[in-house]
Amino acid sequence: MKRLKNKVAIITGAASGFGATDAKLFAKEGAKIMLTDINEENLKQVAEQIIQDGGTAIYATLNVTSPDDWQKVVKKATTEFGGIDILINNAGIAGYSSFLESDYDTFKKILDVNLNSQYLGIKAVAPAMIERKGGSIINMSSTVGATVALPGGDPGYATSKGGVRALTMQAAAELIGHNIRVNSIHPGIFRTPMNQALVDNVDAYQQAVQGIPAKRFGEAEEIANAALFLASDESSYMVGSELVVDGGLTII
Ligand code: NAD
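Quick look at the structure, then.

What counts, and where the lines are drawn
Residues numbered from 1 in each chain as written. Predicted model: local features only at pLDDT ≥ 70, side-chain atom pairs only at ≥ 80, totals over all residues. Heavy atoms only, no water. 1 Å grid on protein atoms, 1.4 Å probe; cavity = no way out; pocket = protein on both sides within 12 Å on 5 of 7 lines; lining within 4 Å. Points joined across faces, edges and corners; volume = space filled by probe spheres on them. Helix = DSSP H or I, 4+ residues; strand = E, 2+ residues; numbered from the N terminus. Pairing = 2+ DSSP bridges. Axes fitted to C-alpha atoms, helices over the stretch in contact; angles between N-to-C directions. Contact = heavy atoms within 4.5 Å. Nonpolar A, V, L, I, M, F, W, Y, C, P; charged D, E, K, R; others polar. Core = buried A, V, L, I, M, F, W, Y, C linked by side-chain atoms within 4.5 Å. Buried < 20%, exposed > 50% of the residue type's maximum accessible area, 1.4 Å probe, protein only. Phe/Tyr/Trp six-rings, centres within 6.5 Å; stacked < 30°, edge-to-face > 60°. Near = heavy atom within 4 Å. Polar contact = N/O pair within 3.5 Å; in protein donor to acceptor, adjacent residues only side chain to side chain. Areas by Shrake-Rupley, 256 points an atom, 1.4 Å probe, with all protein chains shown as cover. Sits in = over half its atoms within 2 Å of the grid points.

For the rest of this paragraph, the subject is empty space enclosed by the protein. Throughout the structure, instances matching the rule amount to one cavity of 30 Å³ or more. Looking at the largest cavity, its volume works out to about 30 Å³. What lines the largest cavity is S97, S102, D103, T106, F107, I110, D154, P155 and G156. For the lining of the largest cavity, the secondary structure elements donating two or more residues are helix 4 (104-131) and helix 5 (155-175). A per-element tally of the lining of the largest cavity places helix 4 first, with three residues.

Dropping the structure here:
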């Protein structure tokens, strides 16, 4: 039995990394996928691959910071697929400045893309989920900002990911009244395009790996499996939970 049979999922940041991998796994498990991203070219490729593999997917460009884009995507998903059951608030950008080097414009931009966008996404899909009498929303946070602060780490990135914890709890507490579960995933360090520069720098990579008890970076499939669990009814009693997937990074 497919674990997401007949479910409709909107995934943001689906042109790359976790988002694309989530989309492929969810499609294999029977979900109809609305892929979204600002990178239309890569988005199209992911959609074509899912369809080639026998899945169901459509795509639309969505800048997650735009309330108008969100309305268009919700309309498209409900028109083409009849409703919305799952949202993965996955799109995000990294930050590369230390606190003292950082500037306010970049700080605000990262908060807008990584945190405010998730508020907009939840607000946009909630009415459609209420109509379906339930749903599952997964917010991508991080171990950074939620449980650890790295010296020299970017303040915007950390603040955005810490904010996702609070947003998840607040939305979860209210929306469970409509049978909508809101949970978050907290990845450690993964081999995705976001970390390509680190992976390509042999010395920096080896140093980073030494700090992880599992002695390797995670793979996107290991996040997709966690997202699948939270999206499916197997996690039916998980509400406002924080799923850490980090190879032990935060237990030492
Ligand atoms: P990635 O860079 O591979 O993919 C991110 C995607 O988001 C890209 O396709 C990009 O085009 C899209 N995007 C960026 N800004 C956007 C916008 N304004 N509107 C719509 N789409 C936009 O990154 P990833 O590693 O797959 O990360 C996905 C999520 O997981 C992010 O929220 C990231 O912060 C989080 N995360 C990643 C790691 C890691 O180690 N890779 C660790 C912790 C958390």
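After that view of the structure, there is still more to cover.
Taken in spatial order, the seven strands line up as 3-2-1-4-5-6-7 in an open sheet, and their pairing is parallel. What marks the edges here is a single partner per strand, and that holds for strand 3 (56-61) and strand 7 (242-245). In this sheet, neighbouring strand axes are inclined to one another by 20° on average, regardless of whether the strands run parallel or antiparallel. One ladder, built from three bridges, connects strand 1 (residues 8-11) with strand 4 (residues 86-89); its direction is parallel. Note that in strand 4 the partner of A9 across the bridge is I86. The sheet contacts of helix 4 involve strand 1, strand 4, strand 5 (135-140) and strand 6 (180-187), and relative to strand 4 the element is tilted by about 180°. Helix 8 (residues 220-231) rests against strand 4, strand 5, strand 6 and strand 7 of the sheet, and its axis sits at about 165° to strand 6.

This brings us to the layout of surface pockets. Put simply, the largest pocket is a space of about 1400 Å³. Along the wall of the largest pocket there are 46 residues; nearest its centre are I93, A94, Y157, M194 and N195. Taken together, the elements giving at least two residues each to the lining of the largest pocket come down to helix 1 (17-28), helix 4, helix 5 and helix 6 (196-200). Looking at the lining of the largest pocket residue by residue, the class counts come to 24 nonpolar, 18 polar and four charged. Of the pockets and cavities examined, the second largest pocket occupies roughly 210 Å³.

If you look at the biggest cluster of nonpolar residues, it comprises 35 residues, and the most contacted ones within it are F26, I33, L35 and I185. For this core, the element with the highest residue contribution is helix 8, accounting for eight residues. Setting aside residues no more than four positions away along its own chain, L35 makes contact with I11, A14, A23, L43, V46, A47, I50, A57, I58, Y59 and A60. By size, the runner-up hydrophobic cluster in this structure holds 31 residues, among which are A60, W70, F81 and V182.

To describe a pair of aromatic rings, you give the distance between the ring centres and the angle between the ring planes. The full count for this structure, using the stated rule, is two aromatic pairs. Where F18 meets F190, the ring centres are 5.2 Å apart and the plane angle is 85°; that geometry is what we call edge-to-face. Separated by 172 residues along the polypeptide, F18 in helix 1 and F190 in the loop between strand 6 and helix 6 bring together distant segments of the chain. The exposure class assigned to F18 is buried, which follows from its relative accessible area of 15%. For F190, a relative accessible area of 4% gives the class buried.

What follows concerns the site of the ligand. Within the structure, the ligand sits among 27 residues, and S16, D37, N90, Y157 and T192 are positioned closest to it. Between an oxygen atom of the ligand and a side-chain N or O atom of D37, the distance comes to 2.6 Å. Residue F190 places a main-chain N or O atom 2.8 Å away from an oxygen atom belonging to the ligand. Summarising the interface, the protein chains cover 91% of the accessible area of the ligand, which totals 840 Å² for the free molecule. When each cavity is represented as a set of grid points, the ligand is found to reside in the largest pocket. Counting only elements with at least two residues in the shell around the ligand, the list comes to helix 1 and helix 5.

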